Amino acid sequence: AWKKFQAHGFKSKDEFEKEVVRHVETTLARSMFNCDETAAYAAASLAFRDRLITQWNRTQQRQTFSDTKRVYYLSLEFLMGRALDNAMLNVGLKNARTSSSLPLILKLTASAEGLSELGFRIEDIIEQEHDAALGNGGLGRLAACFLDSMASLNIPAWGYGLRYRYGIFKQEIVDGYQVEVPDYWLDFNPWEFPRHDIVVDIQFYGHVRKYQDEAGKQVALWEGGEIVKAVAYDVPIPGFDTQATNNLRLWSSKAASGEFDFQKFNSGDYESSVADQQRAETISAVLYPNDNLDRGKELRLKQQYFWVAASLYDIVRRFKKSKRAWSEFSDQVAIQLNDTHPTLAIVELQRILLDQEGLEWDEAWTIVSKTFGYTNHTVLPEALEKWSVPLFQNLLPRHLQIIYEINLYFLQLVERKFPKERDLLGRVSIIEESQPKMVRMAYLAIVGSHKVNGVAELHSDLIKTTIFKDFVKIFGPDKFTNVTNGITPRRWLHQANPRLSELIASKVGGLGFLKDLTLLNELEKYADDKEFKKEWAEIKYANKVKLAKHIKTTTGVTVNPSALFDIQVKRIHEYKRQQMNIFGVIHRYLTIKSMTAEERKKLAPRVSIFGGKAAPGYWMAKTIIHLINNVGSVVNKDKDVGDLLKVIFLEDYNVSKAEVIIPASDISEHISTAGTEASGTSNMKFVLNGGLIIGTCDGANIEITREIGENNIFLFGNLAEDVEDLRHAHNYGSHAMDPDLGKVFEEIKKGTFGDAGAFSALVGAIEDHGDYYLVSDDFHSYIQTQALVDEAYKDQDEWTSKTITSVARMGFFSSDRCINEYAESIWNVEPLVPEDEG
Ligand code: 26Q
């Protein structure tokens, strides 16, 4: 493998080290005498960046000359995490590391004579990097995995997003409460390249003037309002084991004048002189921290249009350079909408073709609807985007007109097809006839796309039979499809769990499985191999020791690495049911307390680990965090309990922490109310790292079960098809509280975990307000299944076999498989292999 990387990586470690020294001394203008880890990180990144740029320029040139179809992935979130480790792997160097656990030492020798060598552990240098956290959770991380796969598969693709100055907030836990701290991450970012020459004017507000031109054609002119500038920043995306390096273009907002108004400034109006500048810069200032929740804030709509308009201008400009006919647009361009957030792109392209390029409506609309694909990521009603018509009218008057027209033609089509169904028109109208009227973005996205997909089988079925049912009838079933999510094995196995990756490589014929994950199949024959199992278990143990250290330094709590590590890390949301998990922990605590010393000896020690951010305005989610922390402080110091149970809340869960946490799990929890989690992707990461999962029949859990086998997963709870009836039973009085859960509630009400009043809403939502997420319905089954987990864990040998078998069967969940499906069935694009690699 090393040979292959020589061509475009570094010829030797020595050469790399020389480059690092050069960057310390020249680019950073620092003496090697005071080169610390921060400087070493900066210099190492710059050294790799140099190599990246070469590949990147070559790839982009080749894509331009070859004139093939490109994919544009529009996402308001790209949750990239750290870049250096990934660049080292993909550009080549880290592959030189064949013999496992030896840390790679970076030896730096100053070019000046007489300086002794400085040694840095590569691991320590990697840790200096600040995560690029431009996303909330699953949707943003999926976009990042997709970029990795598209580059690795040589698919000509660009990502388009916003360059937020502040990513997702940093979470601190103070007295058990979540506190949000701004995440300013741009102090030193060697991975982005400002393109001050690529600037697009973006218009807001104003009015539309309609008139007839000389030829008698109706023309619409969008005039007045204000202009904000969009400046491009490019981030290279290297592929694994290929020189192909794609581009992620992020837009940053700037005042049209560039600077503040000196006229105003000189006349003493200091405040308003900078106000315009600040207002413009506010657009790309901060990522909205809501996950699966829509709140119709004007600034969010401004962000969406700003980003969509800049991206489309860029895409159209590139197409026009090719001098092709407009009818060939969709042969050159595929645009994928990551949820409804970029849906305005549909309207914007129609506007460009109509108002600026002079195409007729039908001709333009044919092009538009052939270009777009829409991915839905949720069925939760509170997450479905809607915008008030008055807000739209004010901010984007011309777009609202076009939306009305799209809707008119669409409803005419529906009426022709189903003349007798009067209710249907109101149900499917893009405009909701409420007070005020609302634009339904998902409906607009469906009408303007040629394909709509869900992200796991159950989810794709659900959208067809529930929220988009009418649209299946109107457009036919072929417009709706499924592409089950995947994850990149490069980051989520090789980088996060290098020892496991190397052990696997030693059995499946090298690192090829990182490109074709189905090669993991070969592992199955080692599921009963004594020697192999021993090494496998040792690696898991080492990963747990590492996490235990992290727990010790961040929380002060000592946990036993031999205990069963039970992990739930994801955004905090009632539908994901962290509350059920912590109620289960309380139940376990009460059980332990009621036992004799003899009985306790038979118990399997457990560490319950939680992590995740609550949206700052989501009060119930914050209450769940508070309860977890309070339970932890009671349980962790209870002498009766000792090692049998520890409860940990890990602060500030993010991508780089996930890379430490996930490889250390024995069991992880994916316990959403059936039918609510579209897919989930951490479930895949955990299994791929040799952990088992406890979960509901929801999202991708179902397909994971199908692949790895029922014996290797702990499924429990009600099915999606029963949810409606169960909710009905709650609301119409035919429901009895689960007695075990009742006891847990009694304990909370006694004040065992602090002021009971703090948790009354959390308990009340279940006891008195309909238990919308069916915690009481699933609690018994959950507790019973956790008991099965305890039993199974006692047989370590069998447990290890299960994890090996599971990993061997996880090939399907690579994001490479997933991207190949998009490429074939939605984008109709083909790989473009770099010259010297064909
Ligand atoms: C919408 C409007 C206004 C402000 C914010 C939002 C918003 C932001 C983020 C709405 C939704 C999101 C994120 C959704 C998300 O992460 N969904 C997850 O997507 C994953 C990838 O497909 C799935 O695996 C998860 O099941 C799904 O919850």
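Positions within a chain are numbered from 1, following the residues in the order the chain's sequence is written. pLDDT decides what is reported in this predicted model: residues at 70 or higher carry local features, side-chain atom pairs at 80 or more are listed and counted, and totals for whole chains, interfaces and linings draw on all residues regardless.

Under the annotation held in an unreviewed UniProt entry, the chain carries the name Alpha-1,4 glucan phosphorylase and is attributed to Hyphodiscus hymeniophilus. The UniProt entry for the chain carries the following comment under Function (unreviewed entry): "Allosteric enzyme that catalyzes the rate-limiting step in glycogen catabolism, the phosphorolytic cleavage of glycogen to produce glucose-1-phosphate, and plays a central role in maintaining cellular and organismal glucose homeostasis." According to the UniProt record, the Sequence similarities (unreviewed entry) comment for the chain reads "Belongs to the glycogen phosphorylase family." UniProt positions are given in the numbering used here, feature names are shortened, and annotations may be inferred rather than shown by experiment.

(A) Layout of the sheet that holds strand β17 (residues 431–432). Strand order in the open sheet formed by three strands is β16-β18-β17, with antiparallel pairing between adjacent strands. At either end of the open sheet lies a strand with only one pairing partner, and these are β16 (386–388) and β17. Two strands form a pair only when DSSP identifies at least two bridges running between them. The helix count covers DSSP runs of H or I at least four residues long, the strand count covers runs of E at least two residues long, and both are numbered beginning at the N terminus. Across three bridges, β16 lies against strand β18 (residues 438–440) in antiparallel orientation. Counterpart to Ser388 in the pairing with β18 is Met438.

(B) Just the site of the ligand, in detail. Using a C-beta atom placed from the backbone for every residue, we mark a residue as near a molecule or strand if that atom lies within 6 Å of it. Close contacts around the ligand come from 24 residues, with Gly138, Leu139, Asp294, Ala678 and Ser679 the closest. Top contributing element to the shell around the ligand by residue count: helix α6 (residues 138–152), with three residues. Throughout, the ten residues Ala, Val, Leu, Ile, Met, Phe, Trp, Tyr, Cys and Pro are labelled nonpolar, Asp, Glu, Lys and Arg are labelled charged, and all others, Gly among them, are labelled polar. Taken together, the residues that form the shell around the ligand break down as six nonpolar, twelve polar and six charged.

(C) Spatial organisation of the environment of Asn711. Positionally, Asn711 belongs in the loop between α27 (701–708) and β26 (714–715). Residues with at least 20 neighbouring C-beta atoms inside 10 Å of their own are called buried, those with 12 or fewer are called exposed, and the rest are partly exposed, where every C-beta is derived from the backbone. Residue classification places Asn711 among the exposed residues on the basis of 10 C-beta atoms within 10 Å. In sequence terms Asn711 and Ser562 are 149 residues apart; their C-alpha atoms lie 23 Å from each other.

(D) Quick look at the sheet that holds strand β24 (residues 667–670). Strand order across the open sheet formed by six strands is β23-β22-β21-β24-β25-β26, with parallel pairing between neighbours. Every interior strand has two partners, whereas the edge strands, β23 (645–650) and β26, have only one.

(E) Structural context of unusual backbone geometry. Following Gln435, the chain continues into Pro436 via a peptide bond in cis, with omega recorded as 0°. Note on placement: Pro436 falls in the loop between β17 and β18. Not every positive phi belongs to a glycine, and Asn828 is a case in point at roughly 55°. Judged by C-beta crowding, with 15 C-beta atoms within 10 Å, Asn828 ranks as partly exposed.

(F) Highlighting the domain arrangement of the chain. Boundary definitions for the domains trace back to an automatic or database domain assignment. Taken domain by domain, the chain holds domain 1 (67–83 + 129–484 + 822–829) and domain 2 (562–800). Taking the mean C-alpha position of each, domain 1 and domain 2 sit 36 Å from one another. Secondary structure elements with two or more residues in the side of domain 1 that touches domain 2: β2 (78–81), α6, β7 (170–174), β8 (177–181) and α17 (457–465).

(G) Spotlight on the packing of helix α9 (residues 298–321) against helix α11 (residues 344–356). Think of each axis as a best-fit line through the C-alpha atoms, taken over the contacting stretch in the case of a helix, with angles from 0 to 180 degrees between the N-to-C directions. For the pair α9 and α11, the least separation of the axes is 9 Å and the interaxial angle reads 50°. Relative to α11, the element α9 lies oblique. Of the two elements, α9 crosses α11, and the hand of that crossing is right-handed. The segment α9 lies against α11, with Gln304, Tyr305, Val308, Ala309, Leu312 and Val316 engaging Leu344, Ala345, Glu348, Leu349 and Ile352. Roughly parallel means an angle under 35 degrees; roughly antiparallel means over 145; roughly perpendicular covers 65 to 115; every other angle is labelled oblique. With the far helix as reference, a near helix turned anticlockwise by less than a right angle produces a left-handed crossing, and one turned clockwise produces a right-handed crossing. A pair of residues counts as a contact when their C-beta atoms, built from backbone coordinates, are separated by no more than 7 Å.

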